[in-house]
Amino acid sequence: QSVLTQPPSVSAAPGQKVTISCTGSSSNLGAGYDVYWYQQFPETAPKLLIYSNSNRPSGVPDRFSGSKSGTSASLAITGLQAEDEADYYCQSYDSGLGGASWVFGGGTKVTVL
Amino acid sequence: QVQLQESGPGLVKPSETLSLTCTVSGGSISSDYWSWIRQSPGKGLEWIGYIYYSGSTNYNPSLKSRVTISLVTSTNQFSLRLKSVTAADTAVYFCARQDWTHGVDTWGPGALITVSS
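Quick caveat: nothing in here was measured; it's all calculated off a predicted structure.

Trainee: Sorry, what's going on with the overall build of chain A here?
Mentor: Counting secondary structure elements, chain A contains 0 helices and 9 strands. Ordering the α and β elements of chain A from the N terminus gives β-β-β-β-β-β-β-β-β. Its C-alpha atoms give chain A a radius of gyration of 14 Å, near enough to 13 Å, the size a compact globule of 113 residues would have. Burial status across chain A gives 48% buried among its 113 residues. Sequence-distant contacts, at least 24 apart, represent 56% of the contacts inside chain A between residues at least 6 apart. Within the structure as shown, chain A displays about 5,000 Å² of accessible surface, and the carbon and sulfur contribution to it stands at 47%. For chain A, the distance from the average position of its 6 positive side-chain charges to the average position of its 8 negative side-chain charges is 6 Å.

Trainee: Looking at this structure, how should I read the packing of aromatic side chains?
Mentor: Any aromatic ring pair is given by two values, namely how distant the centres are and how the planes are angled relative to each other. Scanning the entire structure with this criterion turns up 16 aromatic pairs over all chains. Here Tyr-36 of chain A and Trp-102 of chain A contribute two aromatic rings whose centre-to-centre distance is 5.8 Å and whose plane-to-plane angle is 55°, an arrangement assigned as tilted. In this pair, Tyr-36 of chain A is assigned in strand 3 (residues 36-40) and Trp-102 of chain A in strand 8 (residues 101-104), connecting sequence segments 66 residues apart. Overall, Trp-102 of chain A belongs to the buried group, its relative accessible area being 2%. By way of ring pairs, the aromatic residues Tyr-33, Tyr-36, Tyr-93 and Trp-102 of chain A together with Trp-100 of chain B are connected into one cluster.

Trainee: Mind showing me how you'd approach the sheet that holds strand 7 (residues 67-72) of chain B here?
Mentor: Strands belonging to one sheet form pairs held by backbone hydrogen bonds; the direction of such a pair is parallel or antiparallel. All names here are of chain B. Sheet architecture is open: 4 strands sit in the order 1-3-8-7, paired in antiparallel fashion. The two strands at the open ends of the sheet, each matched to only one other strand, are strand 1 (3-7) and strand 7. Adjacent strand axes in the sheet meet at a mean angle of 20° when their direction is disregarded. Two strands pair when backbone bridges link them, and strand 3 (residues 18-25) and strand 8 (residues 77-82) are joined in this way by 6 bridges, in the antiparallel orientation. Pairing of Leu-18 across the sheet is with Leu-82, part of strand 8.

Trainee: Explanation requested: the interface of chain B and chain A in the structure shown.
Mentor: Each side of the interface is counted separately: chain B has 24 residues, and chain A has 20 residues. With both sides pooled, the region where chain B packs onto chain A buries about 1,700 Å², and carbon together with sulfur makes up 62% of that total. If you look at where chain B meets chain A, you find 0 salt bridges. There are 7 residue pairs in polar contact (both at pLDDT 80 or more) connecting chain B and chain A. Going through the elements one at a time, strand 4 (33-39), strand 5 (45-52), strand 6 (57-59), strand 9 (91-99) and strand 10 (103-107) of chain B are the ones with two or more residues in the side of chain B that touches chain A. Of the residues assigned to the side of chain B that touches chain A, the class counts are 11 nonpolar, 9 polar and 4 charged.

Trainee: Help me understand the nonpolar core, please; the structure alone is not making it clear to me.
Mentor: Considering soluble globular proteins, one finds that nonpolar side chains tend to be buried as a cluster. Ranked by size, the top nonpolar core spans 26 residues in total, and within it Leu-18, Trp-34, Trp-36, Val-67, Phe-78, Leu-80 and Tyr-93 of chain B carry the most contacts. At the level of secondary structure, the elements contributing two or more residues to this core comprise strand 3, strand 4, strand 5, strand 7, strand 8, strand 9 and strand 11 (111-115) of chain B. Examining the composition of this core, we find that 4 residues originate from one element, strand 3 of chain B, more than from any other. If you look at the next biggest cluster of nonpolar residues, it comprises 23 residues, including Val-10, Cys-22, Val-60 and Tyr-88 of chain A.

Here is what the cut-offs are and how they apply
- Residues numbered from 1 in each chain as written.
- Chains lettered and ligands numbered in written order.
- Predicted model: local features only at pLDDT ≥ 70, side-chain atom pairs only at ≥ 80, totals over all residues.
- Heavy atoms only, no water.
- Helix = DSSP H or I, 4+ residues; strand = E, 2+ residues; numbered from the N terminus.
- Rg over C-alpha atoms; globule rule 2.2 N^0.38 Å.
- Buried < 20%, exposed > 50% of the residue type's maximum accessible area, 1.4 Å probe, protein only.
- Contact = heavy atoms within 4.5 Å.
- Areas by Shrake-Rupley, 256 points an atom, 1.4 Å probe, with all protein chains shown as cover.
- Lys, Arg positive; Asp, Glu negative; His and termini not counted.
- Charge placed at Lys NZ, Arg CZ, Asp CG, Glu CD.
- Phe/Tyr/Trp six-rings, centres within 6.5 Å; stacked < 30°, edge-to-face > 60°.
- Pairing = 2+ DSSP bridges.
- Axes fitted to C-alpha atoms, helices over the stretch in contact; angles between N-to-C directions.
- Buried area = accessible area lost by both parts, 1.4 Å probe.
- Salt bridge = Lys/Arg side-chain N within 4 Å of Asp/Glu carboxyl O.
- Polar contact = N/O pair within 3.5 Å; in protein donor to acceptor, adjacent residues only side chain to side chain.
- Nonpolar A, V, L, I, M, F, W, Y, C, P; charged D, E, K, R; others polar.
- Core = buried A, V, L, I, M, F, W, Y, C linked by side-chain atoms within 4.5 Å.

So yeah, pure geometry; function would need other evidence.
Below, the structure is given as structure tokens:
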């Protein structure tokens, strides 16, 4: 059970929009800690997609966007393309009672229909 | 541009200690946070811990009793030691660079470590 909750899968046709949610709590997103998003293709290392809630590193297409509000965050992919089919993970810092630590969501598989 | 590369034995026996080294090239280890992250087969990402260039560490509470991350500044490397391993520790282990603004912005390719007798 991940501290950050993501839907296991989302799907849409090419050109459509998908949104991936990342739900946390008062000890992570709700405490003001930023959220980061990563994209991972099979058998490869993850790649940073969004940092500090809504910022894109150089080279990431602007069809990827991130937002955060309260204890939740979301990643949106507009104009979905076949090459966007991958796993996506959110990450934040958690200051929970068990000990402060960085945490990942369980991951969401995006399928392009 | 900073690049990372994991190295170490691919097979570890149960109850023994897993040891991995990450070599940093194209930049100095004397800045930023240096992390270890793992991914069990078919599963999601799990943050193991990191070390700051000053030597301070932060570990995942669920692994803290078994983990040690160290810097080797003379060779621009950092290392992971995970003791008393079981089959549940079988995973691809990634070394990475992390900071509070950019998150994990640089990853090594990963090393598959299998725990088996």
